[in-house]
Protein chains: 2
Amino acid sequence: MLFQEQVRKVKQAAPKLAATTNEQRNAALTAVREALLQHQAEIFEANKQDLAQAEADGVSGPVRKRLKFDEGKLRDVTAGISDLTKMEDPLFQTQFARELDEGLVLKRVTCPIGVIGVIFEARPDALVQISALCIKSGNCVILKGGREALRSNKKLFDIIHEAIIDAGLPADSMMQLEARSEINELLECHESVDLLIPRGSNAFVQYIMNHTKIPVMGHADGICHIYVDKDADLAKAVPIIVDAKTQYVSACNTVETLLVHEAIKDQLLPMLKEALDAKKVELRGTKDVAAVVDCVPSTEADDKTEYLDYILSAKTVKNMDEAIDHINHFGSHHTDCIITENPDAAEHFMNLVDSAGVYQNCSTRFADGYRYGFGAEVGISTGKLHARGPVGLEGLVSYKYKLYGTGQIVDDYASGKKQFHFKNLANER
Amino acid sequence: MLFQEQVRKVKQAAPKLAATTNEQRNAALTAVREALLQHQAEIFEANKQDLAQAEADGVSGPVRKRLKFDEGKLRDVTAGISDLTKMEDPLFQTQFARELDEGLVLKRVTCPIGVIGVIFEARPDALVQISALCIKSGNCVILKGGREALRSNKKLFDIIHEAIIDAGLPADSMMQLEARSEINELLECHESVDLLIPRGSNAFVQYIMNHTKIPVMGHADGICHIYVDKDADLAKAVPIIVDAKTQYVSACNTVETLLVHEAIKDQLLPMLKEALDAKKVELRGTKDVAAVVDCVPSTEADDKTEYLDYILSAKTVKNMDEAIDHINHFGSHHTDCIITENPDAAEHFMNLVDSAGVYQNCSTRFADGYRYGFGAEVGISTGKLHARGPVGLEGLVSYKYKLYGTGQIVDDYASGKKQFHFKNLANER
């Protein structure tokens, strides 16, 4: 079958999946959980082959660590599925109900987005999490995982797919891509795919965003900032900066640029330099910074660089508004933090910085669905439409307007024969 | 100043406007209302010149009617502004608050989208409505109205702009484009503009969607359907179909295709034909339809055509699912209706049809922000992300996550030294 036809079949399945009840979708999730546990030996075997191949191919340690799918990962994902079955149905929720006139009732009711394409890194547990979120939210999903996880993903997909079919969900609710070349074909399917969620490198996400008419949710780069205010508690500032830089250096929510109020640079920078040296972080700085501590001279390019490495660039600012302007201009609207003991300064910063996450006195590394208590997430969005920040179940839901009439025509209202009376009704399911 | 630089200034004003209070924005709206009333003679004079020019240029009657801005229109828009000032602040609303751990509080708080570009038809009252919605929601706006309204729009923009500056809002909160060529320049400004809302012809909206990286909210075509079920009350069906077709023939929510359950075609079609003839509507039909009533033979092209004219295409279906498949395949996900007395059939149709509006027993012409009781609307969206259907104030709002800490670092949680406790807090402003 041609690729586009296969995707069209997924599109055709979408309304059918959208009409399933929470009980049906929960039963499918339970079946998925049981099937994963029952077939765990096969999954671990497939994963071992992927790991062996990755080692033979010289794949880096961190990537192999993410690739590993063992008892611990299985426990985590099956626990995640159990949690999802306990959650309230995200669909068929009446957001508001209003009687427009006698016998003419408008309701806004939640429904799935439809068909979601997710392109994700070589992490087999991500395949399970994303599939489970899409089943719970009634969305059809087209999955493309990193190639290093090919065998693990194929095994996991087959087990999940069979389980949902046995549980009575449409067979075309799920589709898996295996070849990288299929990504480009997927990008052309704007008539069938409602949303793309790409995860991965900046360049990859940018490529996706620039080569499709399908709406894209996600983030390309993550240039996060910490601004140390003149009213900062420096005993808090140093550990927060070190954590935000080094706790996981290749994450999107890692700090890349430090902005220091000039009034406190002489106290902060020497303390910070010592702490960064202990973690082998290279400090780059402007002349003002270099006047206080030893550092590599920074250039304008540093303002725009996501290092994903043990490098931090620092510059001084005359006041908070200069810091805010810098962040809004050079940042990626992901997560930015102010260190201050002054609540008014914090509120000013948080209201004016145009980012998905605006923090006071804590590490930028907290920007994560799990740490926000959302359970699993499908990604982090730096866009301002629909979902922003970490995206969980709620971000996979849309709504439709249902209007129940008894023969009403518009001409009666346009001519003045009838009038709307707009009475809000109590929400009901 | 270069165009891109001007737009960048609007972007820079956005965080400042976002930080204004409801009182400041309401005061600006009141100032706008007073300025419009005070300068009404100048506005009417500019509008008279536009109308004279339009007549000289042979612009059609309906377009000239929309172009007219008289006492009645002024009364409507100033009343709309008064209503907006009475509405609750859409910004700074805490959607949820959660203590992640002792002294670490997460809040999700509404904020403006940022910079919105609106390209709209030659309707001076639309300029006032859109400006007022953007002021209330703290969004900067770049306006481009239809060229026939050039003088009226310039006058209105200058009055509104001066009023908001006097009221203390940033001067760069608003910008007006006058030349059509500037639209293409605007489409390039994806680094400064957060959202485009184009209104106008199908081809125009499609052009915008295909030539920019800026997210676009709106709809291109509006191919709306009415499905007459076997359990329909035909006494309701006929007036609803006639209203949906003829009440305002060039609107996007006008019905274009009628799907008739074959079990009732012999009763419905002759009644309908008589009613359509009385309104001079051309009926096009498949062979099955032609076997019952006189009609122009329809072709496959009719399934995909938005006539915007006194033409209705009709075909028969064997059952409801065939109607649903037809609508999901050929429709534009705008507004589709079922005529039936059977509530289960209605619910099935409404759950499976993938459209912003799904109706039972009423005219598709009800799809409109005013008729839904939303007050003014900026447009109707057929996309499924962010706002769907008629878009009012709520659709112009995003949110950000504010995280208030007291020195927390992620490493303490990753190492197991500390645990999150996720306590939801009562919402507060």
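Everything numeric here is computed off the predicted structure, so don't read it as measured data.

1. Regarding the UniProt feature "domain: Aldehyde dehydrogenase" (unreviewed entry) in chain A
Part 1: The positions that UniProt labels "domain: Aldehyde dehydrogenase" (unreviewed entry) are, in the present scheme, residues 14-283 of chain A.
Part 2: Helix makes up 50% of residues 14-283 of chain A and strand 18%, with an end-to-end C-alpha separation of 51 Å.

2. Regarding the pairing of strand β12 (residues 335-339) of chain A
Residues and elements named next belong to chain A.
Part 1: Burial of β12 is extensive: five of the five residues sit out of reach of the surface.
Part 2: Going residue by residue along β12, you find T335, C337 and I339 tucked away on one face and D336 and I338 tucked away on the opposite face as well.
Part 3: Inspection of the sheet shows strand β7 (residues 224-228) paired to β12 by four bridges, in the parallel sense. Paired with H225 across the bridge in β12 is D336.

3. Examining the sheet that holds strand β8 (residues 255-261) of chain A
Part 1: One open sheet accounts for 11 strands, arranged β10(A)-β9(A)-β11(A)-β8(A)-β7(A)-β12(A)-β13(A)-β16(B)-β2(B)-β1(B)-β17(B); its pairing is mixed. Each of the sheet's edge strands pairs with one partner strand only, and the pair in question is β10 (296-297) of chain A together with β17 (423-425) of chain B.
Part 2: For β12(A) and strand β13 (residues 357-362) of chain A, the ladder comprises four bridges, and the chain directions are parallel. For I338(A), the partnering residue across the bridge sits in β13(A) and is Q360(A).
Part 3: Its contacts with the sheet place helix α11 (residues 265-278) of chain A against β7, β8, β9 (282-285) and β11 (311-317) of chain A, and it is angled at close to 150° to β8(A).
Part 4: Packing against the sheet, helix α14 (residues 320-330) of chain A makes contact with β7, β8, β11 and β12 of chain A, and its axis sits at approximately 175° to β7(A).

4. Topic: the interface of chain B and chain A
Part 1: Taken together, the 74 residues of chain B in the interface contact 74 residues of chain A.
Part 2: Carbon and sulfur atoms supply 58% of the area that chain B and chain A bury against each other, a total of about 6400 Å² over both sides.
Part 3: Taken as a group, L385(B), Y401(B) and V410(B) account for 11% of the area that chain B buries against chain A, more than any other trio of residues on that side.
Part 4: At the boundary of chain B with chain A, the tally comes to eight salt bridges.
Part 5: Among the ionic pairs, R108(A) bridges to E394(B), the shortest N-O distance being 3.2 Å.
Part 6: For the interface between chain B and chain A, the tally reads 46 residue pairs in polar contact (both at pLDDT 80 or more).
Part 7: Per-element tally for the side of chain B that touches chain A: the top contributor is strand β16 (residues 397-408) of chain B, with 11 residues.
Part 8: Here the side of chain B that touches chain A is composed, by residue class, of 37 nonpolar, 18 polar and 19 charged.
Part 9: Taken together, the five bridges between strand β16 (residues 397-408) of chain A and strand β13 (residues 357-362) of chain B define a ladder with parallel strand orientation. Looking at the pairing, L403(A) lines up with Y359(B) of β13(B).

5. Looking at the pairing of strand β4 (residues 140-144) of chain A
Residues and elements named next belong to chain A.
Part 1: Of all five residues making up β4, five are buried, and the element is well covered by its neighbours.
Part 2: Neither face of β4 is open: one carries C140, I142 and K144, the other V141 and L143, and all of them are buried.
Part 3: Pairing between strand β3 (residues 115-119) and β4: five bridges, direction parallel. Note that in β4 the partner of I116 across the bridge is V141.
Part 4: Alignment of β4 against strand β5 (residues 174-176), held across three bridges, turns out to be parallel.

6. Brief notes about a negative patch on the surface
Part 1: Taken together, the side chains of E262(A), D288(A), D321(A), E322(A) and D325(A) make up a negatively charged region of the molecular surface.
Part 2: Looking at the secondary structure, you find D321(A) in helix α14.

7. Observations regarding the packing of aromatic side chains
Part 1: Under the definition given, this model contains 26 aromatic pairs over all chains.
Part 2: Ring geometry for F366(A) and Y413(B): centres 5.6 Å apart, planes at 75°, overall edge-to-face. You can see F366(A) sitting in the loop between β13 and β14 (379-381) and its partner Y413(B) sitting in helix α16 (residues 411-414), one on each of two chains.
Part 3: Take F366(A): its relative accessible area is 0%, and that puts it in the buried class.
Part 4: Geometrically, the ring pair formed by F420(A) and F366(B) is edge-to-face, given 6.2 Å between the ring centres and 80° between the ring planes. Separated into two different chains, F420(A) in the loop between α16 (411-414) and β17 (423-425) and F366(B) in the loop between β13 and β14 (379-381) make up a pair that spans both. No difference in accessibility class separates F420(A) from F366(B), as the two residues are buried.

8. Digging into the state of the cysteines
Part 1: This model, assessed by the stated rule, comprises zero disulfides over all chains.
Part 2: The thiol sulfur of C189(A) is not disulfide-bonded, and the nearest other cysteine sulfur, from C140(A), lies at 14 Å.

9. Points about the relation of the copies chain B and chain A
Part 1: Once chain B is rotated about the relating axis by 180° and shifted along it by 0.0 Å, it coincides with chain A to within an RMSD of 0.0 Å. The superposition of one copy onto the other is thereby described by a two-fold rotation axis. Judged by C-alpha distance, H386(B) is the residue of chain B that lies nearest the rotation axis, at 1.9 Å.
Part 2: Mapped onto chain A, 100% of the interface residues of chain B are again interface residues, and the two copies thus contact each other with one and the same surface.

Cut-offs used in this document
- Residues numbered from 1 in each chain as written.
- Chains lettered and ligands numbered in written order.
- Predicted model: local features only at pLDDT ≥ 70, side-chain atom pairs only at ≥ 80, totals over all residues.
- Heavy atoms only, no water.
- UniProt positions renumbered as here; feature names shortened; annotations may be inferred.
- Helix = DSSP H or I, 4+ residues; strand = E, 2+ residues; numbered from the N terminus.
- Buried < 20%, exposed > 50% of the residue type's maximum accessible area, 1.4 Å probe, protein only.
- Pairing = 2+ DSSP bridges.
- Contact = heavy atoms within 4.5 Å.
- Axes fitted to C-alpha atoms, helices over the stretch in contact; angles between N-to-C directions.
- Buried area = accessible area lost by both parts, 1.4 Å probe.
- Salt bridge = Lys/Arg side-chain N within 4 Å of Asp/Glu carboxyl O.
- Polar contact = N/O pair within 3.5 Å; in protein donor to acceptor, adjacent residues only side chain to side chain.
- Nonpolar A, V, L, I, M, F, W, Y, C, P; charged D, E, K, R; others polar.
- Patch = residues over 30% accessible without salt bridge, like charges linked within 9 Å, V, L, I, M, F, W, Y side chains within 5 Å.
- Areas by Shrake-Rupley, 256 points an atom, 1.4 Å probe, with all protein chains shown as cover.
- Lys, Arg positive; Asp, Glu negative; His and termini not counted.
- Charge placed at Lys NZ, Arg CZ, Asp CG, Glu CD.
- Phe/Tyr/Trp six-rings, centres within 6.5 Å; stacked < 30°, edge-to-face > 60°.
- Disulfide = S-S within 2.5 Å.
- Least-squares fit on C-alpha atoms with pLDDT ≥ 70 in both.

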